[in-house]
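Listed here are the chains, written in short residue letters.
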Amino acid sequence: MSCFFGMEGFRLFTIFILALCSWQVGASKIHSDVDSLKIRKDHVDVAEISLADLVTKNTVQILPFEDPIAKKKIWYKVVSLDSVLRPFIKSGPSELTLVEVICADGYRPQLPISVLEHFDGYIAMAREDRAHFALNRSKDGREIKLAPYYLVWKPKKGRPFLKYSPSQWSYQVVGLHLMSAVGAQKNTLPEAKKGGSFEQEGKALFAKHCFSCHALDGVGGQVGPDLLKPLPATERYSSDWLERWINDPQSLRADSKMVGLKQSYPDVKKRRSAAQKILSYLNAL
Ligand code: HEC
């Protein structure tokens, strides 16, 4: 026998090492997938806060919230957003222009600083009344998983009440990206290369209704495909098809996950005008 192990022993040893490695990779992946909150500042990762740190370094409270998705009062176990973000903001909240919320499925809504001025934000990590961190949407009863974190809000005392924007109540949150005016510039939409106010309005409408799910040339949400790379969507589809799609994607593909303009504009005329402005912006890129 030339080798102590023999070929069979060596093979088993290799399998053992490989299994050990993949277990290690799996373990660290589970850790960051399940309970850590990534903090980015102006496009640079600055911290990864574990659940243990979140609950020991901040005061945990159990508070009632008027949940607009479930349309009822729900008690959540929370820490204040303000206390979590404070260590990362040198000169106070005025340093920030917006906070981009990073969700596990690629949804990237942007909260302008006015949201933080009008509402007290909290990071929820559990429900008081259920072991299961999920809720049932009032619209269709569908269960929505909230873990690892869910952003919940209360109007600030003494401030005029602003309507909640749906993106404020983001679930499956895995990170928060704080942006100063300089950082936010890198995150803005490309300018239309031609055209005038029609395209400008289209750009603003795209930012409001599409940017949280779609990127343009790598910048933006990642729920849906990038609409410019490698080939612009406007070159692959006819304008008629695009307009129908943008207005009501479920009328063309029943299981589409896209939220069309129909939800924000029940009025057909207003919806058409918004869709046409968005398309003229996309056509001018
Ligand atoms: C909630 C997320 C979400 C929002 C908001 C959203 N989309 Fe989508 N979009 C998707 C997803 C996901 C797809 C992929 C197909 C599917 O699942 O139906 C898609 C597909 C598309 C496509 C086809 C792309 C391709 O390469 O085939 C276009 C064009 C498009 N969206 C444009 C828009 C525009 C314009 C808006 C804003 C009015 C918008 N979307 C808003 C999620 C979204």
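Keep in mind it's a predicted model, so treat the numbers as computed, not measured.

(A) Representation of the sheet that holds strand 2 (residues 44-49) within the structure. The mixed open sheet is built from five strands, whose spatial order is 2-1-11-5-6. The open sheet has two free edges, formed respectively by strand 2 and strand 6 (110-112), since each of these has just one partner strand. Sheet twist, expressed as the mean angle between neighbouring strand axes with direction ignored, is 20 degrees. Relative to strand 11 (residues 173-179), strand 1 (residues 37-41) is paired through four bridges, and the arrangement is parallel. In the sheet register, lysine 41 faces strand 11, and the bridge partner there is leucine 178.

(B) A look at the site of the ligand. Residues in close proximity to the ligand total 21 residues, the closest being Cys210, Cys213, Gly224, Ser256 and Met258. Looking at which element gives the most residues to the shell around the ligand, the answer is helix 8 (residues 239-247), with three residues. When its residues are assigned to classes, the shell around the ligand shows 14 nonpolar, five polar and two charged.

(C) Structural view of the confidence of the model for the chain. Averaged over all residues, the pLDDT of the chain equals 86, while 88% of them reach at least 70. The element-level mean pLDDT for the chain is lowest in helix 1 (residues 6-35), coming to 46, with strand 4 (residues 72-80) highest at 97. Low pLDDT, under 50, characterises residues 1-7; the predicted model gives this stretch three contacts beyond four residues in sequence or across chains.

(D) Structural detail: the sheet that holds strand 7 (residues 119-127). Ordered in space as 3-4-7-10, the four strands form an open sheet in which the pairing is antiparallel. Each of the sheet's edge strands pairs with one partner strand only, and the pair in question is strand 3 (61-67) and strand 10 (150-155). On average, each strand axis in the sheet is tilted by 55 degrees relative to the strand beside it, whichever way the strands run. Strand direction decides the pairing type here: strand 7 and strand 10, joined by six bridges, are antiparallel. Note that in strand 10 the partner of aspartate 120 across the bridge is lysine 154.

(E) Representation of the nonpolar core within the structure. Formed by 32 residues in total, the largest nonpolar core has its most connected members in Val101, Ile123, Ala124, Tyr150, Val152 and Val173. Elements that contribute at least two residues to this core include exactly strand 1, strand 4, helix 3 (81-85), strand 5 (98-103), strand 7, strand 10 and strand 11. Judged by nonpolar contacts, the second largest core, of 16 residues, contains Phe206, Cys210, Leu216 and Ile246.

(F) Looking closely at unusual backbone geometry. Following alanine 147, the chain continues into proline 148 via a peptide bond in cis, with omega recorded as 0 degrees. The topology assignment puts proline 148 in the loop between strand 9 (143-145) and strand 10. In this chain, lysine 229 is followed by proline 230 through a cis amide linkage whose omega measures -10 degrees. Relative to the assigned elements, proline 230 resides in the loop between strand 13 (219-220) and helix 7 (233-236). With phi around 45 degrees, aspartate 42 is a residue other than glycine that occupies positive phi space. Residue placement: aspartate 42 occurs in the loop between strand 1 and strand 2.

(G) Focus on the packing of helix 8 against helix 9 (residues 268-283). As a packed pair, helix 8 and helix 9 sit with axes 10 Å apart at the nearest point and diverge in direction by 125 degrees. On the basis of their axis angle, the class for helix 8 and helix 9 is oblique. Every pair of crossing elements has a handedness; the one defined by helix 8 and helix 9 is right-handed. Note on element contacts: helix 9 touches helix 8 through Arg271, Ala275, Ile278 and Leu279, opposite Ser239, Leu242, Glu243, Ile246 and Asn247. Looking at the contact of helix 8 with helix 9 residue by residue, the classes come out as five nonpolar, two polar and two charged.

(H) Representation of helix 9 within the structure. Compared with the 22 Å implied by 1.5 Å per residue over 16 residues, the 22 Å span of helix 9 between its first and last C-alpha is a close match. Residues of helix 9 that are buried include every one of Arg271, Ala274, Ala275, Lys277, Ile278, Ser280, Tyr281 and Leu282, and no others. Residues of helix 9 that are buried make contact with helix 6 (197-209), helix 7 and helix 8.

What counts as what
- Residues numbered from 1 in each chain as written.
- Predicted model: local features only at pLDDT ≥ 70, side-chain atom pairs only at ≥ 80, totals over all residues.
- Pairing = 2+ DSSP bridges.
- Helix = DSSP H or I, 4+ residues; strand = E, 2+ residues; numbered from the N terminus.
- Axes fitted to C-alpha atoms, helices over the stretch in contact; angles between N-to-C directions.
- Near = placed C-beta within 6 Å.
- Nonpolar A, V, L, I, M, F, W, Y, C, P; charged D, E, K, R; others polar.
- pLDDT = per-residue confidence, 0-100.
- Contact = placed C-beta atoms within 7 Å.
- Core = buried A, V, L, I, M, F, W, Y, C linked by C-beta atoms within 7 Å.
- Buried ≥ 20, exposed ≤ 12 C-beta atoms within 10 Å, placed from the backbone.
- Parallel < 35°, antiparallel > 145°, perpendicular 65-115°, else oblique.
- Left-handed = near helix turned anticlockwise from the far one by under 90°.
- Expected span 1.5 Å × (residues − 1).

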